Amino acid sequence: MDEASRDRLERLRSRIASGELGAAAFRRALLDVPWLERDAWLDRLLELGPPPDDGPELPRGCVPYLPCAVDGVLSAVDLAGVSGSDVLVDVGAGVGRTAALVQLLTGATVVSVEIQSQLAQAARQLQQRLSLPRFSVVEGDAAELVASLGGTIFFLYCPFGQDRLQALLDQLEPAAHARELRICAVDLPVPPRRWLTLISPPGRGCAVFRSTAVPHALANGQSGGA
Ligand SMILES: C[S@@+](CC[C@H](N)C(=O)[O-])C[C@H]1O[C@@H](n2cnc3c(N)ncnc32)[C@H](O)[C@@H]1O
């Protein structure tokens, strides 16, 4: 990287850390980068090295850390209409890269849930390095914790297999009857639920679902007859 690019990144980093960089300005800076270079650019901006090795805490059926591509996150943010009033939960957040990107792009409050302690620790360090506001890190199994986090949007980039995904949807269902939730699933098939409606164009890498208020009995498949 040449000196001018390094200086530009340094200036951007200090505007982030001082809270001066708004979401629109960050988006412009990101979109100015040719799309093939955006992932490397973001890693340099966030000062992220190669992904750390996965540890022994990763249970069977859970997927190791692999960051979601910047353009996948951009699609999710745009298709789901993430805004500054949302609370986005990154389910299986790794080092917090996607959570940081979503916050910089939208101003949303973000929660990184991660089962591997060294990755959760790296996410806390990222938050501190950039003084990101409204960025929290929760360590544990997202399939068990997810309902307690107050999220409005749940981002899933292949964190685990279908068994845990079913458990996560079961956890979220009561909240979905009380308030509107959105689920962004990147490269992850989501099993059908009566309370979830696909709102993004079908056949894309990123699918966005919105919850609809379905009476509890109907959502559980009961006929509710006389
Ligand atoms: C494919 S990576 C996704 C990383 C991140 N969401 C992103 O977009 O860059 C999957 C991550 O989920 C974490 N993970 C897997 N199972 C989990 C679980 N049950 N609860 C919380 N995190 C989990 C893994 O440790 C890994 O960091």
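Description of the structure in this document. (Residues numbered from 1 in each chain as written. Predicted model: local features only at pLDDT ≥ 70, side-chain atom pairs only at ≥ 80, totals over all residues.)

## Notes on the nonpolar core
The biggest cluster of nonpolar side chains holds 62 residues, and the ones touching the most others in it are A76, V91, V102, F154, F155, L156 and C184. The biggest single contributor to this core is helix α6 (residues 117-130), with six residues. What V91 contacts, discounting residues up to four positions off in sequence, is V113, A142, V146, F154, F155, L156, P159 and L168. (Core = buried A, V, L, I, M, F, W, Y, C linked by C-beta atoms within 7 Å. Buried ≥ 20, exposed ≤ 12 C-beta atoms within 10 Å, placed from the backbone. Helix = DSSP H or I, 4+ residues; strand = E, 2+ residues; numbered from the N terminus. Contact = placed C-beta atoms within 7 Å.)

## Observations regarding the sheet that holds strand β2 (residues 109-114)
If you trace the seven strands from one edge of the open sheet to the other, you get β3-β2-β1-β4-β5-β7-β6, paired in mixed fashion. Single-partner strands in this sheet number two, and they are β3 (135-139) and β6 (196-198). Ignoring strand direction, the axes of neighbouring strands in this sheet form an average angle of 20 degrees. Against the sheet, α6 makes contact with β2 and β3, and its axis sits at roughly 170 degrees relative to β3, the strand it touches most. (Pairing = 2+ DSSP bridges. Axes fitted to C-alpha atoms, helices over the stretch in contact; angles between N-to-C directions.)

## Describing helix α1 (residues 3-17)
Compared with the 21 Å implied by 1.5 Å per residue over 15 residues, the 21 Å span of α1 between its first and last C-alpha is a close match. Counting buried residues in α1 gives one out of 15 residues, a small share hidden from the surface. Backbone geometry just downstream of α1 places G19 in the positive-phi region, at approximately 75 degrees. (Expected span 1.5 Å × (residues − 1).)

## Describing the site of the ligand
Lining the immediate surroundings of the ligand are 26 residues, of which C62, Y65, C68, G92 and T98 lie closest. Those elements that provide at least two residues to the shell around the ligand are α5 (97-106), β2 and α7 (142-145). Considering only residue class, the shell around the ligand consists of 17 nonpolar, four polar and five charged. (Near = placed C-beta within 6 Å. Nonpolar A, V, L, I, M, F, W, Y, C, P; charged D, E, K, R; others polar.)

## With respect to the environment of A142
Here A142 is to be found in helix α7. Looking at A142, the number of C-beta atoms within 10 Å reads 27, which means it is buried. In sequence terms A142 and I183 are 41 residues apart; their C-alpha atoms lie 14 Å from each other. With residues near it in sequence (within four places) discarded, A142 still touches V91, G92, V113, P159 and L168.

## Observations regarding helix α8 (residues 162-178)
Across its 17 residues, α8 extends 25 Å between first and last C-alpha, which sits within 8% of the 24 Å expected from 1.5 Å per residue. At L172, α8 is bent by approximately 35 degrees, the largest bend along its length, and proline P174 sits one to four residues beyond. Residues R164, L165, L168, L169, L172, E173 and A176 constitute the buried set of α8. (Bend = angle between axes of the 7 residues up to and from the residue.)

## Describing unusual backbone geometry
Glycine aside, residues mostly have negative phi angles, and peptide bonds mostly take the trans form. A positive phi angle, close to 45 degrees, is found at C158, a residue other than glycine. Tracing the chain through its elements places C158 in the loop between β4 (153-157) and α8. With 17 C-beta atoms packed within 10 Å, C158 lands in the partly exposed category. Within the chain, D187 stands out as a residue other than glycine whose phi angle is a positive 50 degrees. Structurally, D187 can be placed in the loop between β5 (182-186) and β6. On the basis of neighbour count, D187 is assigned to the partly exposed category, with 13 C-beta atoms found within 10 Å.

Remember, this is a structural readout, not a statement about activity or role.
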